[in-house]
Amino acid sequence: MTDANHEFNQVSEMTSRQRVLAALKREPVDRTPVCNPTSVATVELMDLVDAHFPDANRDPVKMARLAATSYTELGFDSVMPVFSIIQESSALGCKIQWEMKDNWPTVKMSEPIWAEPEDIIIPPDLCTHPDTHCVLEAIRILRRELGDDVCIIGKTMGPWSLGYHCFGVEKFLLMSLDDPDKTRQCLDRMKQVTIDFGRAQIDAGVDALTLPDHATGDLVSGAYYEKYLQEMHTEFVEDIPIPLILHICGRTVDRMDYIAQTGMAAFHYDSKNEPDESMCICNQRISLIGNINNPETLYSKGPESVTAEVRKNLDARVQLVGAECAIPLQTPIENLKAIPQTVRDWHREQDHRN
Ligand SMILES: [Zn+2]
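Model, not experiment: these values are computed from the prediction.

*Asks:* How should the environment of Cys280 be read in this particular structure?
*Replies:* For Cys280, the position within the fold is in helix H12 (residues 275-282). Taking the C-alpha atoms as reference points, Cys280 and Leu211, separated by 69 residues in sequence, lie 23 Å from one another.

*Asks:* I would appreciate a short explanation of the coordination of the zinc ion in the present structure.
*Replies:* Octahedral metals with six donors have ideal donor angles of 90 or 180 degrees. Tetrahedral metals with four donors have an ideal donor angle of 109.5 degrees. For the zinc ion, the full set of protein donor atoms is His247 (NE2), Cys249 (SG) and Cys325 (SG), and the range of their distances to it is 2.1 to 2.2 Å. Motif for the zinc ion, donor spacing along one chain: H-x1-C-x75-C. Owing to a relative accessible area of 18%, Cys249 belongs among the buried residues under this scheme.

*Asks:* So what exactly am I meant to see when it comes to the side chain of Thr252 here?
*Replies:* Tracing the backbone through its elements, the reader meets Thr252 in the loop between strand E6 (244-247) and helix H11 (256-260). A relative accessible area of 0% means that Thr252 is categorised as buried.

*Asks:* I tried to follow the pairing of E6 on my own but got confused; where do I start?
*Replies:* Along any regular strand the residues' side chains alternate between the sheet's two faces. Side-chain alternation along E6 places Leu244 and Leu246 on one buried face and Ile245 and His247 on a second face that is also buried. Two elements, strand E5 (residues 208-212) and E6, share 4 bridges in a ladder whose sense is parallel. If you follow Leu211 over to E6, its bridge partner there is Leu246. Running through helix H10 (residues 222-239), the crossover from E5 to the neighbouring parallel element E6 is right-handed.

*Asks:* Would you explain the packing of aromatic side chains in this entry?
*Replies:* Ring pairs (aromatic) are described by centroid distance and by the angle formed between their planes. Counted according to the given criterion, the structure contains 9 aromatic pairs. With a centroid separation of 6.2 Å and an interplanar angle of 70°, the aromatic rings of Trp114 and Phe167 are classed as edge-to-face. On the criterion of sequence distance, the pair formed by Trp114 in the loop between strand E3 (106-107) and helix H6 (130-146) and Phe167 in helix H7 (residues 159-167) is long-range, its members being 53 residues apart. Taken individually, Trp114 and Phe167 each receive the classification buried, so the pair is uniform in this respect. Residues Trp160 and Tyr228 carry aromatic rings whose centres are separated by 5.4 Å and whose planes lie at 45° to one another, so their mutual orientation is tilted. Here Trp160 is found in helix H7, whereas its partner Tyr228 is found in helix H10, with 68 residues between them in sequence. Judged by its relative accessible area of 1%, Trp160 is buried. On the basis of relative accessibility, which here comes to 4%, the residue Tyr228 falls in the buried class. An aromatic cluster of three or more residues is present, and its members are Trp114, Trp160, Tyr164, Phe167, Phe172, Tyr224 and Tyr228.

*Asks:* Even after reading the chapter, I still don't get the side chain of Arg31, so can you show me in this structure?
*Replies:* Note that Arg31 resides in the loop between helix H2 (16-24) and helix H3 (43-49). Excluding residues within four positions of it along the chain, Arg31 makes contact with Phe8, Arg19, Asp77, Val343, Arg344 and His347.

*Asks:* Before we go on, may I ask you to explain the nonpolar core in this structure?
*Replies:* For soluble globular proteins, the rule of thumb is that nonpolar side chains tend to be buried together. Among the nonpolar cores identified, the biggest contains 119 residues, and Leu24, Leu66, Trp160, Phe167, Met190 and Phe267 are the most heavily contacted of them. Leu24 has contacts with Ala208, Pro243, Ile245, Ala265, Ala266, Ser287, Ile289 and Leu320, leaving out every residue within four places of it along the chain.

*Asks:* Honestly, the pattern of salt bridges in this entry has me stumped. Any pointers?
*Replies:* Note on pairing: side chains with opposite charge can pair once their charged atoms come close. Within the structure shown, the criterion is met by 21 salt bridges. In this structure, the salt-bridge partner of Arg255 is Asp254, at a minimum N-O distance of 2.7 Å. Owing to a relative accessible area of 0%, Arg255 belongs among the buried residues under this scheme. Beyond isolated ion pairs, a larger network of salt bridges with shared partners links Arg17, Arg143, Asp148 and Asp207.

*Asks:* Help me understand unusual backbone geometry, please; the structure alone is not making it clear to me.
*Replies:* Across the chain, the bulk of peptide bonds are trans and the bulk of non-glycine residues have phi less than zero. Residue Pro54 is reached from Phe53 by a cis peptide bond, and omega for that bond is 0°. Positionally, Pro54 belongs in the loop between H3 and helix H4 (60-72). In this model, Glu99 sits at a positive phi of 65°, which is unusual for a non-glycine residue. Here Glu99 shows up in the loop between strand E2 (96-97) and E3. Residues other than glycine seldom take positive phi values, yet Gln284 does so here, at roughly 65°. Residue placement: Gln284 occurs in the loop between H12 and strand E8 (287-292).

*Asks:* Could you clarify how one ought to interpret H6 in this entry?
*Replies:* Because each turn of an α-helix spans 3.6 residues, side chains separated by three or four positions in sequence point in the same direction. The first and last C-alpha atoms of H6 sit 23 Å apart over 17 residues, in line with the 24 Å expected at 1.5 Å per residue. Burial in H6 covers these residues: Asp131, Thr132, Cys134, Val135, Leu136, Ala138, Ile139, Ile141, Leu142, Arg143 and Leu146.

*Asks:* In this structure, what is going on with the packing of H7 against helix H9 (residues 180-204)? I would like to understand it.
*Replies:* The description of two helices packed together rests on the angle between their axes and the distance between the axes. Between H7 and H9, whose axes approach to 9 Å, the crossing angle comes to 105°. One finds that H7 runs roughly perpendicular with respect to H9. Facing H7, whose interface residues are Pro159, Trp160, Leu162, Gly163 and Phe167, H9 presents Thr183, Cys186, Leu187, Met190, Lys191, Val193 and Thr194. The residue makeup of the contact of H7 with H9, split by class, is 8 nonpolar, 3 polar and 1 charged.

Rules used throughout
Residues numbered from 1 in each chain as written. Predicted model: local features only at pLDDT ≥ 70, side-chain atom pairs only at ≥ 80, totals over all residues. Heavy atoms only, no water. Helix = DSSP H or I, 4+ residues; strand = E, 2+ residues; numbered from the N terminus. Donors = N, O, S within 2.8 Å, 3.2 Å for Na, K, Ca; no water. Buried < 20%, exposed > 50% of the residue type's maximum accessible area, 1.4 Å probe, protein only. Pairing = 2+ DSSP bridges. Right-handed = clockwise from strand over helix to strand, strands pointing away. Phe/Tyr/Trp six-rings, centres within 6.5 Å; stacked < 30°, edge-to-face > 60°. Contact = heavy atoms within 4.5 Å. Core = buried A, V, L, I, M, F, W, Y, C linked by side-chain atoms within 4.5 Å. Salt bridge = Lys/Arg side-chain N within 4 Å of Asp/Glu carboxyl O. Expected span 1.5 Å × (residues − 1). Axes fitted to C-alpha atoms, helices over the stretch in contact; angles between N-to-C directions. Parallel < 35°, antiparallel > 145°, perpendicular 65-115°, else oblique. Nonpolar A, V, L, I, M, F, W, Y, C, P; charged D, E, K, R; others polar.

In structure tokens form, the structure reads like this:
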């Protein structure tokens, strides 16, 4: 018996919640958890439970009903009701394009609300505004209705992402090139939004929080991550006392060593990074989640291709398996179901080898 097998087999059966929380701490698990730190909502699932966008982003009952499907219909170990990345930006005063059932809501970046650090004022209703309150209420409903067996994950956006929403992507990136001090002042003022909304979700009952901060591979470098975000992300571990899952899209191996030093529980990583090389860099300092490709594999290929990618992660001993980012809304359900099925098959094969 290999060490890795031993690690799985010595553990008696766990609930989904126990499984995810153990994997976030790199503790032994009965099997690898299937986890969605970002959204797995699809139009098919919306139809199934009659909870459609845009209402499912604004009505807590519909938001909870749609979120529950990842556990009840897909067989994932976690639920995640914050499908979008704009709930707190709406509360900050950004104009939102809410869209229809087949599209994501977006911030109207042509109308930025801030230009200078002094403009950054956090409104007193940050966590009572209808669009943030909706998230908190959905979390309470999910906990009440699904009990303690499933892991409930919330989401609080990091200051770099908030900078894009509130200043405009181009203006924010230009400022980061021209004026590092001013950029740091802005990040420092915006980080309170991340902390306050995160803590409010802890009070509402989440088990872990995804923290997307879009210092994305194709927009900024690893050196930028170290310069502007590593220290702040390290502080979040103290300021938001719950397992944190950092989400950054794109090729990120140039910053994974910095990310692994933050003390965050996990890094939600993109398919542009190989599981083996990523595990090697992280070296048990942080758990990895994700990697299953969205635009090609989950959206347009079949279950066999999904299975191949899941197996690659399991073979690399990636701690939690799931999609790389919020999945396309037209993703077929059978592709999503192939993820937990493959995990079960893989573990059965491992058992038989003993
Ligand atoms: Zn992403």
